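What the coordinates show
Given next are the chains, with one letter for each unit.
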Amino acid sequence: MESREIVETIDLNILGQVCPACLLVVLKALNDHEERLRSGKTRLVVRTDHRDSTRTVPESARKMGYEAQVRKVDTYYEISIGRKDG
Amino acid sequence: MLYDNPWLWFFSYLGIGLLLGTVLYRSDFCMAGMLRDVFLFRDRTRLRHLFLAVVLTLFLFLLVREVGWQTFDSPAGFSRGSLLGVAGGVVFGIGMVLAGGCVFSTLYKMAGGNLAYVLVFCGIIAGSLLYAELFPWLQVLEQQLALAGPAGLNQLWPQAARAASWLLVAGALILFVTWQRQDQWQLPSASEGYVQPWLAAVFLAALNAAAYLLSGLPLGISTAYAKLGAFAENLLLPAHVAQLEYFNRSSLVVRAGESLLLGGAGPRLDMVAYTEGALLLGILLGAFFNALLLREFRIYGRPPLRQGGAAFAGGVMLALGARLANGCNIKHLLGGLPLLSFQSLLFFGGLLVGAWVGARLLPRIILR
C-alpha cells in the first residue's frame with residue numbers, strides 16, 4: 001500500500017506592506033506555527049513584493065533551522081518555508 | 001555662460017536621478033534599513049555597504065579638491081553646527097524606521113507601486129508644510145542653540161583634517177580588502193535583475209562626486225519635497241504661502257562662473273527645482289522603468305491600518321527632522337560626513353539615537 005505525506009500550507013500575504021514589517025510578520029508567523037512547521041506536515045508560504053525580503057526572509061528562516069525556497073510568480077515573489085530534512 | 005542655462009542643470013540632475021533610480025531599485029539600497037537593522041535585528045550585513053559609500057565619497061571629494069576642481073575652504077551648503085541638528089537627527093531616525101525608508105528609498109519603493117510609500121511621500125510633504133508654519137520660531141531656536149566656530153574640521157584644522165581624511169581612506173582600504181578576502185561583499189538574493197549593494201555604493205559615490213564637481217554641492221533632495229508641497233499649497237492658499245518666510249528665502253546657492261544661482265523651497269522654478277527636483281523626478285522615473293522592465297510594477301492595495309498610520313507619521317517626522325537639521329541622510333551622510341562638517345556629525349549622532357528608539361517602537365506598532 002502506497003503511503004504519501006500530505007503537506008498543508010499556511011498562506012501569508014504581505015504584498016504591499018512596509019519594510020521591515022515583512023520580516024517582523026514572517027518571524028511572528030514562524031514562532032506562532034513552530035510546532036506544525038517543525039513536524040514537516042506544514043509549510044509557510046509567504047507572498048511578497050519587497051525585493052530585499054527574498055534575501056532577509058530565507059536567511060532568517062535558515063538561521064532558525066528551516067529550509068526556504070524562493071521563486072518569482074507573476075509580479076511578486078513566493079517564499080516557501082518548511083522543515084529541513086536530513 | 002553655459003552654466004547659466006537652467007536646462008543644463010535640469011538634465012544633468014535628471015540623468016543622475018535616472019541612474020540612481022535604476023541602481024537603488026535593483027539593489028534595494030535602503031540606507032534607513034541598513035541603520036535600522038543594526039538595532040532591530042542586530043544585523044550589520046548591509047552596514048558595510050553604507051560605510052563603503054561614505055568612504056568612497058570621501059575619497060572622490062578629496063581627489064576633486066586635490067586636483068583643484070573644487071576648493072577645501074568652504075563646505076558649501078553646510079552651516080556651523082547647531083544642537084537643533086541633533087534633535088533633527090533623532091526625529092529623522094525615528095521617522096525613517098516608522099516609514100520603512102528615507103527620502104531616497106521612499107521614491108524607488110513608491111515607483112514600484114507600493115501604496116504605503118505613497119503615504120510616506122505625502123507625509124514628507126505634509127511635514128515640510130508644517131515646518132514652513134513653524135519656521136520663524138524654529139529659526140530663533142536654531143540660532144540660540146548654534147555652536148560657535150567654523151563649519152567643519154576642514155576649516156578648523158585644514159592640514160590635519162586633510163591628513164586625517166587620507167589616513168581614514170587608507171585604513172578603510174585595508175578593511176575593504178579584508179572583507180573581500182572573507183567574501184563578505186556579495187549578498188545572496190533571489191530577486192530578478194539584482195544589483196549587488198557594493199556596486200550600488202560605488203554608483204552612489206560616483207554620482208555624488210559628479211554632482212559635487214558640477215555644482216560644488218553634494219546631492220540633496222529634501223527641499224524638493226518642500227517645494228512640491230509649496231506648489232500644492234499655493235494652488236489652494238496663495239496669499240498664505242506668499243507671506244510664509246520659509247518659502248521666501250533662498251537655501252541653495254550655486255556659484256556658476258561669476259554669477260550666483262539661487263534656490264529655495266518656495267513655489268517657483270529655481271535651482272532647487274532644476275537640481276533636487278530633477279533628481280527626485282529622475283529617481284522616480286528610473287525606478288518606475290525598472291519595475292516595468294522586471295515585470296514587478298503592481299499596486300497591491302492599501303497596507304494594514306497601523307502600518308499606513310506609521311508610514312504617514314514617519315514621513316512627517318522625516319521632513320521635520322531633515323528641516324531641523326538643514327538636510328536629510330543623503331546630504332549629511334553622503335555629503336557632510338565626507339566633507340567633515342560638524343553639522344553632519346551632530347545629525348549622524350542624533351540619527352543613531354533615533355534609529356535605536358524607532359527600532360524599539362516599531363514592533364509594538366506593527367505586531368500589536
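Notes on the structure in this doc start here. Because the structure is a prediction, the values reported are computed rather than measured. (Residues numbered from 1 in each chain as written. Chains lettered and ligands numbered in written order. Predicted model: local features only at pLDDT ≥ 70, side-chain atom pairs only at ≥ 80, totals over all residues.)

Thoughts on the overall build of chain A
Counting its regular elements, chain A contains three helices and four strands. Starting at the N terminus and ending at the C terminus, chain A contains elements arranged as β-α-α-β-α-β-β. Its C-alpha atoms give chain A a radius of gyration of 13 Å, within 12% of the compact-globule value 12 Å for 86 residues. Viewed in the frame of its principal axes, chain A has a C-alpha envelope of about 45 × 25 × 20 Å. (Helix = DSSP H or I, 4+ residues; strand = E, 2+ residues; numbered from the N terminus. Rg over C-alpha atoms; globule rule 2.2 N^0.38 Å.)

Details of the interface of chain B and chain A
Bring the parts together and some accessible area is lost; that lost area is often taken as the interface size. Tallying the contact residues gives 27 residues for chain B and 18 residues for chain A. If you list the elements that add at least two residues to the side of chain B that touches chain A, you get α2 (31-40), α6 (115-144), α13 (305-324) and α15 (342-366) of chain B. The dominant element in the side of chain B that touches chain A, judged by the number of residues it contributes, is α2 of chain B, at three residues. (Contact = placed C-beta atoms within 7 Å.)

Some words on the pairing of strand β3 (residues 66-73) of chain A
Residue and element names in this part refer to chain A. As paired strands, β3 and strand β4 (residues 76-83) are joined by eight bridges and run antiparallel to one another. From the neighbouring strand, alanine 68 faces β4, where its bridge partner is isoleucine 81. Hairpin connection from β3 to β4: two residues lie between these consecutive antiparallel strands, with aspartate 74 at a positive phi of about 55°. (Pairing = 2+ DSSP bridges.)

Some thoughts on the nonpolar core
Residues Leu24, Val103 and Leu318 of chain B are the most contacted members of the largest nonpolar core, which totals 137 residues. Ignoring anything within four residues of it in the chain, the contact list for leucine 24 of chain B reads Phe29, Phe104, Ser105, Tyr108, Ala200, Ile283 and Ala287 of chain B. (Core = buried A, V, L, I, M, F, W, Y, C linked by C-beta atoms within 7 Å. Buried ≥ 20, exposed ≤ 12 C-beta atoms within 10 Å, placed from the backbone.)

Topic: the sheet that holds β3 of chain A
All names here are of chain A. Strand order in this open sheet of four strands is β1-β2-β4-β3, and the pairing throughout is mixed. In this open sheet, the two strands that pair with only one neighbour each are β1 (8-13) and β3. On average, each strand axis in the sheet is inclined to that of its neighbour by 20°, with strand direction left out of account. Packing against the sheet, helix α1 (residues 21-32) makes contact with β1, β2 (42-48) and β4, and its axis sits at approximately 170° to β2. In this fold helix α3 (residues 53-63) packs onto β2, β3 and β4, with an angle of close to 160° to the strand it touches most, β3. (Axes fitted to C-alpha atoms, helices over the stretch in contact; angles between N-to-C directions.)

Describing α3 of chain A
Within α3 of chain A, the full set of buried residues consists of Ser53, Thr54, Arg55, Thr56, Val57, Pro58 and Ala61 of chain A. Positioned one or two residues after α3 of chain A, glycine 65 of chain A has a phi angle of 95°, which is positive.

Considerations on the packing of helix α3 (residues 47-67) of chain B against helix α9 (residues 197-215) of chain B
Residue and element names in this part refer to chain B. Running from N to C, α3 and α9 point in directions that differ by 30°, and their axes come no closer than 8 Å. The pairing of α3 with α9 is recorded here as roughly parallel in orientation. Judged by the twist between their axes, the crossing of α3 over α9 is right-handed. Residues His49, Leu52, Ala53, Leu56, Thr57, Leu60, Phe61 and Val64 of α3 form the contact with α9, whose own contacting residues are Pro197, Trp198, Ala201, Val202, Leu204, Ala205, Ala206, Asn208, Ala209, Tyr212 and Leu213. (Parallel < 35°, antiparallel > 145°, perpendicular 65-115°, else oblique. Left-handed = near helix turned anticlockwise from the far one by under 90°.)

A word on unusual backbone geometry
Residue proline 20 of chain A is bonded to the preceding cysteine 19 of chain A through a cis peptide linkage, with omega at 5°. Along the chain, the position of proline 20 of chain A falls in the loop between β1 and α1. Although it is not a glycine, aspartate 183 of chain B adopts a positive phi angle of roughly 55°. With respect to the helices, strands and loops of the structure, aspartate 183 of chain B is situated in the loop between α8 (158-181) and α9. Its 7 C-beta neighbours within 10 Å are what place aspartate 183 of chain B among the exposed residues.

Digging into α13 of chain B
Residues and elements named next belong to chain B. Along its 20 residues, α13 runs 29 Å from first to last C-alpha, staying within 8% of the 28 Å computed at 1.5 Å per residue. In terms of burial, α13 is a largely internal element, 16 of the 20 residues being buried. Of the residues flanking the end of α13, it is asparagine 326, one or two places downstream, whose phi is positive at about 60°. (Expected span 1.5 Å × (residues − 1).)

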